[in-house]
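Structural characterization, general
Next come the chains, spelled out residue by residue.
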Amino acid sequence: MKSQIPVRLQKEPLLEAVWEIRFAAERDVPTGDVLPGVLYQAVHETYPLSLRLAAADIPRLIAQQDESLRYLPTMRLESPDAPFAVQIGPRVVTVNCRRPYAGWAAFSARVRVILNVLRTSGLVARAERFSLRYIDLLELDPQPSLASLDASLRLGGYDLSRQPVQVRTEIADGPFTQVLQVATPVDVTDAQGQRLQGTLVDIDTVHLLGEASWELIDERLDAAHDASKRLFFGLLTPDAVERLGPVYD
């Protein structure tokens, strides 16, 4: 683990940051019908563009019974001049930030606005979990390669550090479970239509809430960010950090 973590990187590898909250709706309240309107009314000046998503066409009964469909968003609210968006479903809300990343202060401020709307809406019976996900693409080495990561991967006598690889694991960190996925090579197209190739580092920091209060969710938000940042920079080699242009002030 590196002793000093940069405040930011000049060559930002982030593809997208996603904060997500999953919740149980109040009984006898058609949250999927009402919540999009409540959120839009509260934040329409910031996110004036609305888009119906494909999951909106899934029959409600099927979506409720299938856990893989239950938490899919059905509507997306976008800002025309910023990388932010809000996605809404019957039992889920996300705040998304694509590159260029606006920084944690701006991102967390947007998250807290949405948290307050949900808390005061009367539509959410209980928050089940929240998560903070950072999806980064390291374009530092010819692909496939794990050279930018502090990693050693072998199977039998085979060194897999320069072979196509997909790895998924879960790491406990205090109240959080961090779902880490690494894959190389990965080809993506960013929001500007630019094709990119590199090593994907996907960190999803999950907090199961139980009977936690809304205040605890707000308190743990910064801690989730710190845990994600520690893990990300702990994965990188010192050379990779330097090549990304670290800023420490």
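See the structure shown above.
Residues numbered from 1 in each chain as written. Predicted model: local features only at pLDDT ≥ 70, side-chain atom pairs only at ≥ 80, totals over all residues. Heavy atoms only, no water.

Time to look at the overall build of the chain. Across its full length, the chain carries 6 helices and 13 strands. A globule of 249 residues ought to have a C-alpha radius of gyration of about 18 Å, and the chain, at 19 Å, matches this closely. Buried positions account for 45% of the 249 residues belonging to the chain. By sequence separation, contacts in the chain at least 24 residues apart represent 68% of the contacts at least 6 residues apart. Just so you have it, the chain exposes about 13000 Å², and 49% of that area is on carbon and sulfur atoms. Averaging the positions of the 26 positive and the 33 negative side-chain charges in the chain gives two centres separated by 2 Å. (Helix = DSSP H or I, 4+ residues; strand = E, 2+ residues; numbered from the N terminus. Rg over C-alpha atoms; globule rule 2.2 N^0.38 Å. Buried < 20%, exposed > 50% of the residue type's maximum accessible area, 1.4 Å probe, protein only. Contact = heavy atoms within 4.5 Å. Areas by Shrake-Rupley, 256 points an atom, 1.4 Å probe, with all protein chains shown as cover. Lys, Arg positive; Asp, Glu negative; His and termini not counted. Charge placed at Lys NZ, Arg CZ, Asp CG, Glu CD.)

Turning our eyes to something else, we now look at the packing of helix H4 (residues 104-121) against helix H5 (residues 214-235). Here H4 crosses H5 at 160°, and the two axes come no closer than 11 Å. Viewed along their axes, H4 and H5 adopt a mutual orientation that is roughly antiparallel. Considering the relative orientation of H4 and H5, their crossing is right-handed. Side by side, H4 and H5 meet where Trp104, Ser108, Val111, Arg112, Leu115, Leu118 and Arg119 of the first sit next to Trp214, Ile217, Asp218, Leu221, Asp222 and His225 of the second. (Axes fitted to C-alpha atoms, helices over the stretch in contact; angles between N-to-C directions. Parallel < 35°, antiparallel > 145°, perpendicular 65-115°, else oblique. Left-handed = near helix turned anticlockwise from the far one by under 90°.)

Turning to the sheet that holds strand E11 (residues 176-189), a few remarks are in order. Ordered in space as E3-E4-E5-E6-E2-E7-E12-E11-E10, the 9 strands form an open sheet in which the pairing is antiparallel. Of all strands in the sheet, those bounded by a partner on one side alone are strand E3 (49-52) and strand E10 (165-173). Taken over all neighbouring pairs, the strand axes of this sheet differ in orientation by 20° on average, direction set aside. Pairing geometry for strand E2 (residues 14-25) and strand E7 (residues 124-138), over 11 bridges, is antiparallel. (Pairing = 2+ DSSP bridges.)

Below, the discussion takes up unusual backbone geometry. Most peptide bonds take the trans configuration, and most residues that are not glycine carry a negative phi. Between Arg99 and the following residue, Pro100, the backbone shows a cis peptide bond with an omega angle of 0°. Tracing the chain through its elements places Pro100 in the loop between strand E6 (92-98) and H4.

The element strand E5 (residues 84-89) is extensively covered by neighbouring structure, given that 6 of its 6 residues are classed as buried. The side-chain alternation of E5 yields two buried faces, one formed by Phe84, Val86 and Ile88 and the other by Ala85, Gln87 and Gly89. In the sheet, strand E4 (residues 75-78) pairs with E5 via 4 bridges, with the strands oriented antiparallel. Residue Glu78 lies in a different strand from E5, and its bridge partner there is Ala85. Where E4 hands over to E5, the hairpin turn is made up of 5 residues, counted between the paired strands. Pairing of E5 with E6, which is carried by 6 bridges, proceeds in the antiparallel orientation. Paired with Ala85 across the two strands is Asn96, which belongs to E6. Here E5 folds back onto E6 in antiparallel fashion, the turn holding 2 residues.

Looking now at the packing of aromatic side chains. For any pair of aromatic rings, the description rests on two quantities: the centre-to-centre distance and the angle between the ring planes. For the coordinates displayed, the defined rule picks out 5 aromatic pairs. Where Phe84 meets Phe107, the ring centres are 6.4 Å apart and the plane angle is 20°; that geometry is what we call stacked. With Phe84 in strand E5 and Phe107 in helix H4, this residue pair connects regions lying 23 residues apart in the sequence. Judged by its relative accessible area of 0%, Phe107 is buried. Taken together, Phe84, Tyr101, Trp104, Phe107 and Tyr134 form an aromatic cluster joined through their ring pairs. The aromatic ring of Tyr71 is capped on one face by Arg22, whose charged end is 4.6 Å from the ring centroid. (Phe/Tyr/Trp six-rings, centres within 6.5 Å; stacked < 30°, edge-to-face > 60°. Lys NZ or Arg CZ within 6 Å of the ring centre and 35° of its normal.)

Moving on, we get to the nonpolar core. Formed by 36 residues in total, the largest nonpolar core has its most connected members in Trp19, Ile21, Val93 and Phe107. Looking at this core, the elements that each hand over two or more residues are E2, helix H1 (31-43), E5, E6, H4, E7 and H5. The element best represented in this core is H4, accounting for 7 residues. Excluding residues that lie within four positions of it along the chain, Phe107 makes contacts with Ala17, Val18, Trp19, Phe84, Val95, Asn96, Cys97, Tyr101, Leu132 and Tyr134. Formed by 17 residues, the second largest nonpolar core is a distinct cluster that contains Leu146, Val201, Leu231 and Ala240. (Core = buried A, V, L, I, M, F, W, Y, C linked by side-chain atoms within 4.5 Å.)

Once that is clear, we can look at the packing of H1 against H4. The packing of two helices is summarised by the inter-axis angle and the distance between the axes. One way to put it is that H1 packs onto H4 with a least axis distance of 11 Å and a crossing angle of 130°. The angle between H1 and H4 falls in the class oblique. Our pair here, H1 against H4, has a crossing hand that is right-handed. On H4, the residues touching Leu35, Val38, Leu39, Ala42 and Val43 of H1 are Val113, Ile114, Val117, Leu118 and Ser121. Grouping the constituent residues of the contact of H1 with H4 by class yields 9 nonpolar, 1 polar and no charged. (Nonpolar A, V, L, I, M, F, W, Y, C, P; charged D, E, K, R; others polar.)

Spatial relationships are all this shows, so hold off on functional conclusions.
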